[in-house]
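# Results of the structural survey
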Amino acid sequence: MKELYESQRAMRNMRQAAMQRGVIAILDVGTSKIACLVLRFDGPERFRDNDGVGSMAGQSSFRVIGAATTRSRGVRFGEVEAMSEAERAIRTALQAAQKMANVRVDHVIACLSGARPRSYGLDGAIDLQGGLVTEGDIGRVLAACEVPDYGDGRQVLHAQPVNFALDNRTGMSDPRGQIGQRLSTDMHLLTVEASAIQNLLYCINRCDLELAGLASSAYVSGISALVEDEQELGAACIDLGGGSTGISVFIKKHMIYSDSVRMGGDLVTSDISMGLSVPMATAERIKTFYGGVVATGMDDREMIKIGGDTGDWEHDRRTVSRAELIGIIRPRVEEILEEVRTRLDAAGFEHLPSQQIVLTGGASQIPGLDGLASKILGQQVRLGRPLRVHGLPQAATGPAFAGAVGLSLFAANPQDEWWDFEIPAEKYPARSLKRAVKWFKDNW
Amino acid sequence: MRTLKSSSPRGPAPSRMGYRYQRLMLTPLFRRMIRVGLPIGAVVFAVGFWAIHEDNRAMITNKYDEVVASFQQRPEFMVQMMAVDGADDALSRDIRDVLPVEFPVSSFDMNLEEMRQTVEALNAVGDATLRVRPGGILQVDIVQRVAVAVWRQSDGLRLIDADGHIVALLHYRGDRSDLPLVAGDGARENLAEGLALYRAAGPLAPRMRGVVRMGERRWDIVLDRDQRILLPTDDPVSAFERVVALAQAQDMLERDVVTVDMRNADRPTIRMNEQAVVALRRINGIDEELGQE
């Protein structure tokens, strides 16, 4: 646990240094695109006057001064697969964003969408000595949580105290200063594969940047796509990405569960590519222009030119009806949603008071998806778009940028994590101090 | 797997060097250095490279001197002559001697302050003002020192002014018999007192030969017939006035007195000539004898 504290605290210090300097980059390394935003922090509430939006999630304390997107290379299922290609793609996005911002960025906050996240619920309890809950008691109760054996080769990405209970009162977000006998806490621990983090870190270091923060993509999409009451009452954010689909469940403004399905929009594209025997680029184009999940009678008559450049007249003038295309897309989308349903059921989503489901991410833009999703996931389904933030270009306000925008909000006001509290004093090695005191006593 | 060294175009990605270059150019300090430092550096380098050669530097200095000289030699700045005001003929001749100015000369080449000091170094000059008057005239205004006394030293006579400054050498006392004579160490510093003694002389004035400062603290008055009046340190003038009064009333100094010692105001003392003492004793002896008889 110690090295986790140290590495996470080093990262936190770097983030604070970057905030001091005022410029930080946001890097969303996805399977289909890499988005980079450059944020400038000018202190809180700077843009309040000329912007109708107040500070809902701290988004008014920064402004986006550079934004760039590039097609992702060398990334599969949200994990870096070919290092040099991924590095080049990251570099492209960063360079374009820096050029737009006209400022040099040294710190970057990144998010991972894949890397097989796994959620753990921990709890810990301590008896209070003084009766009054202090900051140190919170550190102690967090340290009292029993860390599960999450296995070698995995790393903790988030460890957020979700709930505090004092004696028989529960549901407290901040028990400091209250009086009680026994303090207990629930904590949500999210681990991911360490190799994915290391690969991403390597790519970022190769771009001469320092990593100032790391977050789960599902979590940050939830931050930006869920509105406040959804976060409070309980909701699931489904981030339908290119290579993976992230699931995050929120209640009481805390993420309590996160998972990812290793299927996404790229799988649909490859289905189209195989089904119509067209190249991936053409398949992607056909998907974005004509894709859908609900076929109507009109779609039988709408013929789509799928083209080709073989020189064979017959081959190059193939057409396919939109109904056929939908017939290819729909089963795959259903499969993804079924998988999401399975994960949510496994997490016990049906026990939440409100079961709002918000679909976001690039693949959520398929027309008719909300209708299909409500059949599979439940009645309360809506399509979510990320929160408005200042200075974000129009092109980057779509649902595909939920992760990037959420990461900006995460950078602006991060949630308290385990390592943000002090390590309890008894965890420090006391022997060396005692020996030093003894040496003083003996010699003076 | 394709070959590792991919020969295919690498897409829109910038090369690592290009990326670094762009980041470097976005560094504010570096950008300022390029935009300001580099041009300045280039100019400095070019000038320095050109100035390495002795000829180039000499050319610059020559040209500079030429321009300066041509400006300074313009007729507006030329001084044609010198006018000395406030000095008598001998002094103005001296001044012309000590100021080695070859007319015409540019006023830029003259150091007026230095010249003023040279002029003021002359004994007879009390205060000098030099300026270049319009019309190219070097105007020298002199306030001459006025001799008020003759100062006798072991090596000769000097004229001194009221402040004790030496004005000129004097060869013969007779040349300036109108001025009082002072002598002795410290006489110059206390000249005002000595002159006050002279003024107090009254009827004794024709007999005064001089005043002598004794031991840098008090005055002696020397009269003709080698008579001396020794005055006290404090308030010598009133002591002298007493002597003058005595001399007027009783013709004391007409008698055979060598020294009148006024140093102790309570007990003025007279020393007589030897023959006078003898004569006095004889008279007194006769008186005694007469008394004894």
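Attention in this report is confined to the structure presented alongside it. (Residues numbered from 1 in each chain as written. Chains lettered and ligands numbered in written order. Predicted model: local features only at pLDDT ≥ 70, side-chain atom pairs only at ≥ 80, totals over all residues. Heavy atoms only, no water.)

## Description of the overall build of chain B
The helix and strand inventory of chain B stands at 8 helices and 14 strands. Each of the 293 residues in chain B was classed as buried or not, and the buried ones make up 33%. Within chain B, contacts between residues at least 6 apart in sequence are counted, and of these 43% link residues at least 24 apart. Accessible surface computed for chain B: about 19100 Å², of which carbon and sulfur atoms make up 55%. (Helix = DSSP H or I, 4+ residues; strand = E, 2+ residues; numbered from the N terminus. Buried < 20%, exposed > 50% of the residue type's maximum accessible area, 1.4 Å probe, protein only. Contact = heavy atoms within 4.5 Å. Areas by Shrake-Rupley, 256 points an atom, 1.4 Å probe, with all protein chains shown as cover.)

## Details of the packing of helix α11 (residues 322–347) of chain A against helix α12 (residues 369–377) of chain A
All names here are of chain A. At a minimum axis separation of 10 Å, α11 and α12 run at an interaxial angle of 40°. Between α11 and α12, the angle is such that the two are oblique. Note that α11 runs across α12; the crossing there is right-handed. Between α11 and α12, the contacting residues are Arg 330, Val 333, Glu 334, Leu 337, Glu 338, Val 340 and Arg 341 on the first element and Leu 369, Leu 372, Ala 373, Lys 375, Ile 376 and Leu 377 on the second. (Axes fitted to C-alpha atoms, helices over the stretch in contact; angles between N-to-C directions. Parallel < 35°, antiparallel > 145°, perpendicular 65-115°, else oblique. Left-handed = near helix turned anticlockwise from the far one by under 90°.)

## Some thoughts on the side chain of Arg 145 of chain B
Residues and elements named next belong to chain B. Within the secondary structure, Arg 145 is located in the loop between β5 (137–144) and β6 (147–153). At a separation of 3.3 Å, a polar atom in the side chain of Arg 145 contacts the main-chain carbonyl oxygen of Val 125. A polar atom in the side chain of Arg 145 sits 3.3 Å from the side chain of Asp 161. Beyond its immediate stretch of four places on either side in the chain, Arg 145 contacts Asn 123, Ala 124, Val 125, Gly 126, Asp 161, His 165, Ile 166 and Val 167. (Polar contact = N/O pair within 3.5 Å; in protein donor to acceptor, adjacent residues only side chain to side chain.)

## Focus: the nonpolar core
Core analysis: the biggest nonpolar cluster contains 73 residues, and Leu 27, Ile 90 and Leu 200 of chain A have the highest contact counts within it. If we ignore the near neighbours within four places in the chain, the residues touching Leu 27 of chain A are Ile 34, Ala 35, Cys 36, Ile 90, Val 108, Ile 109, Ala 110, Cys 111, Ile 204 and Leu 407 of chain A. Grouped together as the second largest cluster of nonpolar side chains are 57 residues, Met 115, Leu 157, Leu 191 and Met 208 of chain B included. (Core = buried A, V, L, I, M, F, W, Y, C linked by side-chain atoms within 4.5 Å.)

## Examining the sheet that holds strand β4 (residues 125–133) of chain B
Residues and elements named next belong to chain B. The mixed open sheet is built from 3 strands, whose spatial order is β2-β5-β4. The sheet terminates laterally at β2 (81–85) and β4, the two strands that pair on one side only. If you compare each strand with its neighbour and ignore which way they point, the axes differ by 20° on average. As defined by bridge partners, β4 adjoins β5 across 8 bridges and the pair is classed as antiparallel. Within β5, the position partnered with Arg 131 by the bridge is Gln 139. Sheet strands touched by helix α4 (residues 89–98): β2, β4 and β5. Its angle to β2, the strand with the most contacts, is close to 145°. Helix α5 (residues 112–120) rests against β4 and β5 of the sheet, and its axis sits at about 150° to β4. (Pairing = 2+ DSSP bridges.)

## Remarks on the sheet that holds strand β18 (residues 381–383) of chain A
Residue and element names in this part refer to chain A. Here 5 strands make up an open sheet; going across it, the order is β14-β13-β12-β17-β18 and the pairing mixed. Looking at strand neighbours, the two that pair on one side only are β14 (254–261) and β18, the edges of this open sheet. Taken pair by pair, the neighbouring strands of this sheet meet at an average axis angle of 20°, ignoring direction. The sheet contact formed by strand β17 (residues 356–360) and β18 spans 3 bridges and is parallel. For Val 358, the partnering residue across the bridge sits in β18 and is Arg 382. Sheet strands in contact with helix α5 (residues 217–225) are β12 (235–240), β13 (245–251), β14, β17 and β18, and its direction is about 55° off that of β13.

## With respect to a nonpolar patch on the surface
Together, Trp 439, Phe 440 and Trp 444 of chain A line one region of the surface with nonpolar side chains, adding up to about 460 Å² of accessible area. When you line up the elements, Phe 440 of chain A lands in helix α14 (residues 430–443). (Patch = residues over 30% accessible without salt bridge, like charges linked within 9 Å, V, L, I, M, F, W, Y side chains within 5 Å. Salt bridge = Lys/Arg side-chain N within 4 Å of Asp/Glu carboxyl O.)

## Side note on the packing of aromatic side chains
All names here are of chain A. Counted under the stated rule, the structure contains 9 aromatic pairs over all chains. On the numbers, 5.7 Å between centres and 55° between planes, the contact of Phe 41 with Phe 62 is tilted. With Phe 41 in strand β2 (residues 33–41) and Phe 62 in strand β3 (residues 62–71), the pair connects residues that are 21 residues apart, well separated along the chain. This pair shows no difference in class: Phe 41 is buried, exactly as Phe 62 is. In textbook terms, an aromatic cluster arises when at least three aromatic residues are bridged by ring pairs, as seen for Tyr 219, Phe 250 and Phe 410. Here Lys 33 stacks its cationic end above the ring of Phe 401, 5.0 Å away from the centre of that ring. (Phe/Tyr/Trp six-rings, centres within 6.5 Å; stacked < 30°, edge-to-face > 60°. Lys NZ or Arg CZ within 6 Å of the ring centre and 35° of its normal.)

These figures come from the coordinates and say nothing about function on their own.
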